[in-house]
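Tertiary structure, described
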Amino acid sequence: MNIDKIFKLAKGFYGRSKNCKSLARERVEKGLEYNYVSRRLKKRDFRALWIQRINAGSRQHDLTYNNMVRGLTASDVQINRKILSELAVSEPYSFKALTILAKDALSKLNGTSYKPLSPQ
């Protein structure tokens, strides 16, 4: 990598890491590695957040996340987790309609009426 590009990327670093060629190259390479890894971790973190939101919303309607997703899959609803979490947060009535749909599909799968979560 050109030294000018390295110094441009090292702008804002502390100490000699911003103006010493060898230190700047090391810190820039390490920073680019962290950047690469963080782009993948960001996807993982957002998926975990979406699952937590869906779980919280579905538990308000006596469903677990697992049963919610299973019921929606059985009823052939193809909404991804990102949109489901947005519905759980901002559109509670639409999310309730989806939980009812999931409960109906689960009762058909099990062959019995749906049993809600037992109080603990």
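Residues numbered from 1 in each chain as written. Predicted model: local features only at pLDDT ≥ 70, side-chain atom pairs only at ≥ 80, totals over all residues. Heavy atoms only, no water.

**Quick word on the overall build of the protein**
Formally: We count a stretch as a helix when DSSP gives it H or I for four or more residues in a row; a strand needs E for two or more, and each element gets its number in order from the N terminus. Only C-alpha atoms enter the radius of gyration, while the globule expectation follows 2.2 Å times N to the 0.38, with N the number of residues. Each residue gets one of three labels from its accessible area relative to the maximum for its type: buried under 20%, exposed over 50%, partly exposed in between, using a 1.4 Å probe on protein chains only.
Helices and strands together make up the secondary structure of the protein, namely 5 helices and 0 strands. Across the protein, helices and strands are ordered from the amino to the carboxyl terminus as α-α-α-α-α. On C-alpha atoms alone, the protein measures out to a radius of gyration of 24 Å, which is more than a quarter above the 14 Å that the 2.2 N^0.38 rule sets for 120 residues. Seen through its principal axes, the protein has C-alpha atoms that stretch 70 × 30 × 25 Å. Residues counted as buried form 22% of the 120 residues belonging to the protein.

**Brief notes about helix α5 (residues 92-110)**
Applied cut-off: Expected span of a helix, by definition, is 1.5 Å for each gap between consecutive residues, and there is one gap fewer than residues.
Helix length check: α5 (19 residues) gives 26 Å between terminal C-alpha atoms against 27 Å at 1.5 Å per residue, within 8%. For α5, the set of buried residues is F95, L98, T99, A102, A105, L106 and S107.

**A look at a nonpolar patch on the surface**
What counts, and what does not: Like charges within 9 Å and nonpolar side chains (Val, Leu, Ile, Met, Phe, Trp, Tyr) within 5 Å are joined into patches, using only residues over 30% in relative accessible area that form no salt bridge. Under the convention used here, a 1.4 Å probe and the Shrake-Rupley method define accessible areas, while residue burial counts only the protein chains that appear. Whenever a carboxyl oxygen of Asp or Glu lies within 4 Å of a side-chain nitrogen of Lys or Arg, that contact is scored as a salt bridge.
On the surface, a nonpolar cluster with roughly 310 Å² of combined accessible area is contributed by M1, L9 and L32. Inspection of the secondary structure puts L32 in helix α2 (residues 21-59).

**Points about the packing of aromatic side chains**
Using the following cut-off: Note on ring pairs: Phe, Tyr and Trp rings are taken, using the six-membered ring of Trp, and paired if centres are within 6.5 Å. Classes follow the plane angle, with under 30 degrees stacked, over 60 edge-to-face and the rest tilted. Look at NZ for Lys and CZ for Arg. If either is within 6 Å of the ring centre and within 35 degrees of the ring normal, a charge sits over the ring.
If you walk through the whole model with that rule in mind, you get 1 aromatic pair. On the numbers, 6.1 Å between centres and 40° between planes, the contact of F46 with W50 is tilted. One end of the pair, F46, and the other, W50, are both in helix α2, 4 residues apart, so they sit about a helical turn from each other. Directly above the aromatic system of Y36 lies the positively charged group of R40, at a separation of 4.1 Å from the ring centroid.

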